[in-house]
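Report on the structure
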Amino acid sequence: MSEPSAVTDPADPRLADYADLTDVELRRRREPAEGLFIAEGEKVIRRALAAGYGMRSMMLTAKWLDVMADVIAAVDAPVHLVEPQLAEQVTGYHVHRGALASMARSPLPDTVDLLAAAPRRVAVFEDIVDHANIGAAFRNAAALGVDAVLLTPRCADPLYRRSVKVSMGAVFQVPWTRLRSWPQDIATLRGAGFTVAALCLSERAITLDELAARDDERLALVFGTEGAGLAPGTLAAADQHVRIPMDAGVDSLNVAAASAVAFYATRPR
Ligand SMILES: C[S@@+](CC[C@H](N)C(=O)[O-])C[C@H]1O[C@@H](n2cnc3c(N)ncnc32)[C@H](O)[C@@H]1O
């Protein structure tokens, strides 16, 4: 346990982890490079700790001292006590949830190891750049029986503050890693015994109901970007093209919504 200490200067280097949280470009570069991510609010901080992430520091306003007393007692990280105005000056926004923690990233697992520990279902997200979509997709994965998530190199960071928030902490629950050479990694999925199903609108797609009826022992569901969908190389390498039939002239679902439908329909029986 470390005693909370008041910090009154917004330029104090002890608050550097919390600086300019609204600058998405800056934080997107800084956080992975410095091995940190920001957990915002009591529940998310507790979930990150419960998932085994180490804490670098906490920044709290006074009214959160009692609420977080057990966390303060349990962790060996500095606790910076700040006025709400100072929190706003440092972060760039009004911190409604009054409690922020800077957490240490853990090394990402190797893809082969991750797949070995994923008995039935994995999801692959290709180049999804929207943090909210990634967060929502992780929440769906956690809730609907997906054992692991794989992200292509250009996918948004699931540990970015907005992803964490939208996922309600599910990004801490579902094992995940980043692929290194997509779509070549499809061979690794297949080598681990997964049928690789590309969710797309292609003419030669089977329906999601038809895929679900097969009840594949190990299934990898692959989802594409909001704009163009899955890349031609991914579609060419997949074992199966799968379509969720659409009504009322709607051509497609948002990727997170499509993932929820697909995860539920193909859950292991
Ligand atoms: C907004 S959609 C992209 C639509 C894109 N114009 C296309 O042709 O794929 C984003 C992703 O969600 C999934 N998706 C959305 N609606 C789908 C549907 N009806 N059938 C299969 N996949 C769908 C696909 O993985 C798709 O790449």
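Residues numbered from 1 in each chain as written. Predicted model: local features only at pLDDT ≥ 70, side-chain atom pairs only at ≥ 80, totals over all residues. Heavy atoms only, no water.

Per an unreviewed UniProt entry, the recorded name for the protein chain is RNA methyltransferase, and the organism is Kitasatospora nipponensis.

**Description of the packing of aromatic side chains**
Just so we agree on the cut-off: By convention, a stacked pair of Phe, Tyr or Trp rings (six-membered ring in the case of Trp) has centres within 6.5 Å and planes under 30 degrees apart, an edge-to-face pair has planes over 60 apart, and any other such pair is tilted. Put simply, DSSP marks the helices as runs of H or I at least four residues long and the strands as runs of E at least two long, and each gets a number from the N terminus on. When a residue's accessible area, from a 1.4 Å probe over protein chains only, is under 20% of the maximum for its type it is buried; when over 50% it is exposed; and in between it is partly exposed. Ring-over charges, as used throughout, are those where CZ of Arg or NZ of Lys falls within 6 Å of the ring centre and within 35 degrees of the ring normal.
Tallied over the full model, the rule gives six aromatic pairs. Taking the centre distance of 5.6 Å and the plane angle of 35 degrees together, the rings of Phe 37 and Phe 172 count as tilted. With a gap of 135 residues between them, Phe 37 in strand 2 (residues 36–40) and Phe 172 in helix 8 (residues 170–173) connect regions that are remote in the sequence. Comparing Phe 37 with Phe 172, the two get one shared label, buried. A centroid spacing of 5.3 Å and a plane angle of 20 degrees characterise the contact between Phe 125 and Phe 223, whose relative ring orientation is stacked. Separated by 98 residues along the polypeptide, Phe 125 in strand 6 (residues 121–125) and Phe 223 in strand 11 (residues 219–223) bring together distant segments of the chain. The exposure class of Phe 125 is buried, given its relative accessible area of 1%. Judged by its relative accessible area of 1%, Phe 223 is buried. Among the aromatic residues, those joined into a cluster by ring pairs are Phe 37, Tyr 53 and Phe 172. A cation over a ring is seen here: Arg 267 above Tyr 264, with NZ or CZ 3.9 Å from the ring centre.

**Some words on a positive patch on the surface**
Put simply, the test is: Patch definition: residues above 30% relative accessible area lacking any salt bridge, with like charges linked at up to 9 Å and the nonpolar side chains Val, Leu, Ile, Met, Phe, Trp and Tyr linked at up to 5 Å. Accessible surface is estimated by sampling points in the Shrake-Rupley manner with a 1.4 Å probe; for residues, cover comes only from the protein chains shown. Any Lys or Arg side-chain nitrogen found within 4 Å of a carboxyl oxygen on Asp or Glu counts as a salt bridge. Here Asp and Glu are counted as negative and Lys and Arg as positive; His is not counted, and neither are the chain ends. A charge is said to be at NZ when it belongs to Lys, at CZ for Arg, at CG for Asp and at CD for Glu.
Taken together, Lys 43, Arg 47, Arg 97, Arg 139, Arg 162 and Lys 165 make up a surface patch of like positive charges. Among the elements of the structure, helix 2 (42–50) and helix 7 (161–167) are those that each provide at least two residues to the positive patch. For Arg 97, the location among the structural elements is in the loop between helix 4 (84–91) and strand 5 (99–104).

**Examining the pattern of salt bridges**
Throughout the structure, instances matching the rule amount to 16 salt bridges. For Asp 70, the salt bridge is made with Arg 46, and the minimal N-O distance between the two is 2.8 Å. Placement of Asp 70 in helix 3 (residues 69–74) and of Arg 46 in helix 2 is noted, with a sequence separation of 24 residues between them. With its nearest N and O atoms 2.8 Å apart, the salt bridge here joins Asp 239 to Arg 190. Here the residue Asp 239 occupies a position in the loop between helix 11 (232–237) and strand 12 (240–243), and Arg 190 occupies one in helix 9 (residues 186–191), the gap between them amounting to 49 residues. Of the residues examined, Asp 239 reaches a relative accessible area of 34% and is grouped as partly exposed. Residue Arg 190 is classed as partly exposed on the basis of its relative accessible area of 36%. Residues joined by salt bridges that share partners form a network here, namely Asp 17, Arg 30, Glu 34 and Arg 56.

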